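# Fold and geometry: a report
Now for the letters of each chain:
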Amino acid sequence: MSNLRILAIETSCDDSGAACFAGSKLLSNVVASQHKDHAPWSGVVPEVASRRHLDNLPLVVDRALEQAGWQAGDIEAIAVTNRPGLLGSLLVGVAYAKGLAFSLGIPLLAVDHIEAHLLSVDLDCPDTPYPRLGWVVSGGHSHLYLVNSPADIKLLAKTRDDAAGEAYDKLAKRLGLGYPGGPVVEKLSREGNPDAFKFALPRMSDGSLDLSFSGLKTEVMRALKKAGDQVDESLQKDLCAAFQKAVERQILHRTEKALQNHPGVKAITLAGGVACNQGLRRAVAELAEKQGVLMAAPAPKFCTDNAAMIGLAALPRFEAGQRDDMTLDASASHTFAGYRKAARHR
Ligand code: KG4
Ligand code: ZN
């Protein structure tokens, strides 16, 4: 593997990230979160997010270079998230990356944010064997993939409505618990009774492994409506515990079915912001152990949005000779394909 010095940039949602790699060695990984800016609205406000990226990204890049002991002239290649995400946020990163690559006269490469989440497990567990069943559970996605190799990834299932993280955020908003919802709902769930409410396990009539979280949201809203003015702390904890159990149950159910359909799988991987959830990590680890496969998930700082995963996903593509040019644009939708197909500009 080469020692290519890559600067990676991530601005797809509300975190501005920059990371420096020498080949596969991560030298720095800096993230500026905007949670405080969006908390009053209990969710990300796109216009606010792109404005904050404009302020934060140059500072984050400077910090990442400083921690790596680099000057701008040391950068040999730039990787940037260009899809999927909030268009205004993505455009800030893409414009910055294009300007820097042009002024330094170095190669530029676009990375798909979901592919980067999926492969982020290799930041901490690089020896995880293939084929893998890979989950990306975040604020925008709940996708399950069969990962035969980093270049051969097949979608097995995805949410038909809300993403898992979005469901946590909506529950927290309804309970007045702030943003992001995942960490606080998980914390409360540990003190509640998971069996206080029985939430249904969604199944698709066509037999697909697709997920759904909107029914769970409706069931929670119904329980809250029934409680009326009686929503005290104990009810909140019980609701969070039952909700946490329902999310785990749905993900375990899909994982188990996917393992039956793909008996050669050697590992289950968890990535994306919801993979910070200790209850989910434990539940998937138990299932993996029972099924005789490995379970791997990156450290929480690599589960939530970060640029380290962007640089890691870019490295083999740079080595395969892929490049993007100054016509590179941002896209709100998810369009990743294997490497060979994705080689647009050489
Ligand atoms: O991957 P990420 O940082 O951004 C997206 O690409 O969406 O994920 C953010 C999501 C938020 O919805 C947040 O509530 C959720 O991850 N999250 C969690 C936990 N920590 C963050 N969900 C459940 N449990 C957690 N501990
Ligand atoms: Zn993400």
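Our subject is the structure listed above.
Residues numbered from 1 in each chain as written. Chains lettered and ligands numbered in written order. Predicted model: local features only at pLDDT ≥ 70, side-chain atom pairs only at ≥ 80, totals over all residues. Heavy atoms only, no water.

### As for empty space enclosed by the protein
Just so we agree on the cut-off: Lining residues are those with an atom within 4 Å of a point, where the points come from a 1 Å grid over the protein atoms alone and group into cavities, where a 1.4 Å probe fits but cannot get out, or pockets, open sets with protein on both sides within 12 Å along at least five of seven lines. Grid points are joined across faces, edges and corners, and a volume is the space filled by probe spheres set on the points. Secondary structure elements follow DSSP: runs of H or I no shorter than four residues count as helices, runs of E no shorter than two count as strands, and numbering proceeds from the N terminus. Residues were grouped as follows: Ala, Val, Leu, Ile, Met, Phe, Trp, Tyr, Cys and Pro as nonpolar; Asp, Glu, Lys and Arg as charged; and all remaining residues, including Gly, as polar.
Considering all chains together, one arrives at two cavities of 30 Å³ or more under this definition. In terms of lining, the second largest cavity is formed by Ala-167, Lys-170, Leu-171, Lys-217, Val-220, Met-221 and Phe-243. Mapped onto the lining of the second largest cavity, the elements with two or more residues apiece are helix 6 (164-174) and helix 8 (214-227). Here the lining of the second largest cavity is composed, by residue class, of five nonpolar, no polar and two charged.

### Some points on the site of ligand 1
The following threshold applies: Whether a residue is near a molecule or strand depends on its heavy atoms: if one lies within 4 Å, it is near. Identification of polar contacts relies on pairs of N or O atoms within 3.5 Å, with a donor-acceptor requirement for protein atoms, meaning one able to donate a hydrogen and the other able to accept it, and with residues adjacent in sequence counted only if both atoms are side-chain atoms. In these tables, accessible area is a Shrake-Rupley quantity obtained with a 1.4 Å probe, and a residue counts as shielded only by the protein chains included in the view. Should more than half of a molecule's atoms lie within 2 Å of a pocket's or cavity's grid points, that molecule is taken to sit in it.
Near ligand 1 you find 21 residues, and of these Gly-139, Asp-169, Glu-186, Gly-273 and Asn-277 are the closest. Between ligand 1 and Asp-305, the relevant distance is 3.0 Å, taken from an oxygen atom to a main-chain nitrogen or oxygen of the residue. Considered on its own, ligand 1 offers 560 Å² of accessible surface; in the complex 90% of this is hidden by protein. Of all the cavities here, the one that holds ligand 1 is the largest pocket. Breaking the shell around ligand 1 down by element, the ones donating at least two residues are helix 4 (113-119), helix 6 and helix 7 (181-189). Element by element, the count of residues in the shell around ligand 1 is highest for helix 7, at four residues.

### As for the side chain of Gln-244
As a reminder of what qualifies: Residues count as neighbours in contact if any of their non-hydrogen atoms are within 4.5 Å of one another.
With respect to the element layout, Gln-244 can be found in helix 9 (residues 233-261). Setting aside residues up to four positions removed in sequence, Gln-244 forms contacts with Tyr-168, Glu-186, Ser-189, Asn-277, Gly-279 and Leu-280.

### Points about the sheet that holds strand 9 (residues 267-271)
The test is simple: Strands are labelled as partners when DSSP assigns at least two bridges between them. Every axis corresponds to a line fitted to the C-alpha atoms, with the helix fit spanning only the stretch in contact, and the corresponding angles, defined between N-to-C directions, vary from 0 to 180 degrees.
The strand order 8-7-6-9-10 describes an open sheet built from five strands, whose pairing is mixed. This sheet does not close on itself; its edge strands, each paired only once, are strand 8 (152-158) and strand 10 (294-296). Averaged over all neighbouring strand pairs, the angle between strand axes comes to 20°, with direction disregarded. Sheet topology places strand 9 next to strand 10; three bridges connect them, and they run parallel. Counterpart to Ala-267 in the pairing with strand 10 is Leu-294. The sheet contacts of helix 9 involve strand 6 (132-137), strand 7 (142-149), strand 8 and strand 9, and relative to strand 6 the element is tilted by about 155°.

### What to know about the pattern of salt bridges
Defined as follows: Basic side-chain nitrogens of Lys or Arg form a salt bridge, by our definition, when they fall within 4 Å of a carboxyl oxygen of Asp or Glu. Residue burial is assigned from relative accessible area. The probe radius is 1.4 Å, only protein chains are included, and a residue is buried under 20% of its type maximum, exposed over 50%, and partly exposed in between.
Applying the stated criterion across every chain, the model contains 17 salt bridges. One salt bridge connects Asp-195 with Lys-245, and the closest N-O pair in it is separated by 2.5 Å. A residue pair is termed long-range when its members are at least 10 positions apart, and Asp-195 in the loop between helix 7 and helix 8 and Lys-245 in helix 9 qualify at 50 residues. Accessibility expressed as a relative area gives 37% for Lys-245, which makes it partly exposed. Between Lys-237 and Glu-233 there is a salt bridge, and its shortest N-O distance comes to 3.3 Å.

### What to know about the pairing of strand 9
What counts, and what does not: Note on handedness: a clockwise path from strand one over the helix to strand two, with the strands aimed away from the viewer, defines a right-handed crossover.
In terms of burial, strand 9 is largely enclosed, as five of its five residues are buried. Burial along strand 9 is two-sided: the face carrying Ala-267, Thr-269 and Ala-271 and the face carrying Ile-268 and Leu-270 are both buried. With helix 10 (residues 278-291) bridging strand 9 and its parallel neighbour strand 10, the resulting β-α-β unit is right-handed.

### Details of the nonpolar core
Stated precisely, the cut-off is as follows: Only buried Ala, Val, Leu, Ile, Met, Phe, Trp, Tyr and Cys residues count toward a nonpolar core, and they belong to the same one when joined by side-chain atoms within 4.5 Å.
Ranked by size, the top nonpolar core spans 42 residues in total, and within it Trp-135, Val-137, Phe-243, Ile-251 and Leu-270 carry the most contacts. Broken down by secondary-structure element, the contributors of at least two residues to this core are strand 6, strand 7, helix 6, helix 7, helix 8, helix 9, strand 9 and helix 10. The element best represented in this core is helix 9, accounting for nine residues. Excluding its chain neighbours within four sequence positions, the residues that come into contact with Trp-135 are Leu-118, His-143, Leu-144, Leu-211, Ile-251, Arg-254, Thr-255, Ile-268, Thr-269, Leu-270 and Ala-271. Counting residues in each nonpolar core, the second largest holds 27 residues, with Val-30, Ala-64, Val-80 and Val-92 among its members.

### Structural notes on the sheet that holds strand 1 (residues 5-10)
Taken in spatial order, the five strands make up an open sheet running 3-2-1-4-5, and their pairing is mixed. At either end of the open sheet lies a strand with only one pairing partner, and these are strand 3 (25-33) and strand 5 (108-112). Averaged over all adjacent pairs, the angle separating strand axes in this sheet is 20°, with direction ignored. One ladder, built from six bridges, connects strand 1 with strand 2 (residues 15-22); its direction is antiparallel.

### Overview of the coordination of the zinc ion (ligand 2)
Condition: Each metal's donors comprise the N, O and S atoms found within 2.8 Å of it (within 3.2 Å for Na, K or Ca). Water is not part of the atom list, so some coordination spheres may appear incomplete. In these descriptions, tetrahedral denotes four donors with every angle between 85 and 135 degrees, square planar four donors and octahedral six donors with opposite donors over 155 degrees apart and the rest between 65 and 115, and irregular any other case.
With distances of 2.0 to 2.2 Å, the protein atoms coordinating the zinc ion (ligand 2) are His-113 (NE2), His-117 (NE2) and Asp-305 (OD). In this structure, the zinc ion (ligand 2) is coordinated by four donor atoms arranged in irregular fashion, with angles at the metal of 92 to 143°. All donors of the zinc ion (ligand 2) belong to a single chain; written as a sequence motif, their spacing is H-x3-H-x187-D. Here His-113 pairs with His-117, and both are found in helix 4, just four residues apart, close to one helical turn. Residue His-113 shares its accessibility class with His-117, and that shared class is buried.

### Describing the packing of aromatic side chains
One pair of aromatic rings is described through two measures. These are the centre distance and the angle between the planes. The condition is simple: Stacked, edge-to-face and tilted are the three classes for Phe, Tyr and Trp ring pairs, Trp counted by its six-membered ring, which pair at centre distances within 6.5 Å; planes under 30 degrees apart are stacked, over 60 edge-to-face, the rest tilted. For a lysine, the NZ atom is tested; for an arginine, the CZ atom; a charge sits over a ring if that atom is within 6 Å of the ring centre and within 35 degrees of the ring normal.
With the rule as written, the count across this model stands at two aromatic pairs. Judged by centre distance (4.9 Å) and plane angle (80°), the ring pair of Tyr-168 and Phe-243 falls under edge-to-face. A residue pair is termed long-range when its members are at least 10 positions apart, and Tyr-168 in helix 6 and Phe-243 in helix 9 qualify at 75 residues. Phe-243 sits in the buried class, given a relative accessible area of 1%. With 5.9 Å between their ring centres and 5° between their planes, Phe-197 and Phe-199 make a pair best called stacked. For Phe-197, a relative accessible area of 22% corresponds to the partly exposed category. Positioned above the aromatic ring of Tyr-130, the side-chain terminus of Arg-132 is 4.0 Å from the ring centre.

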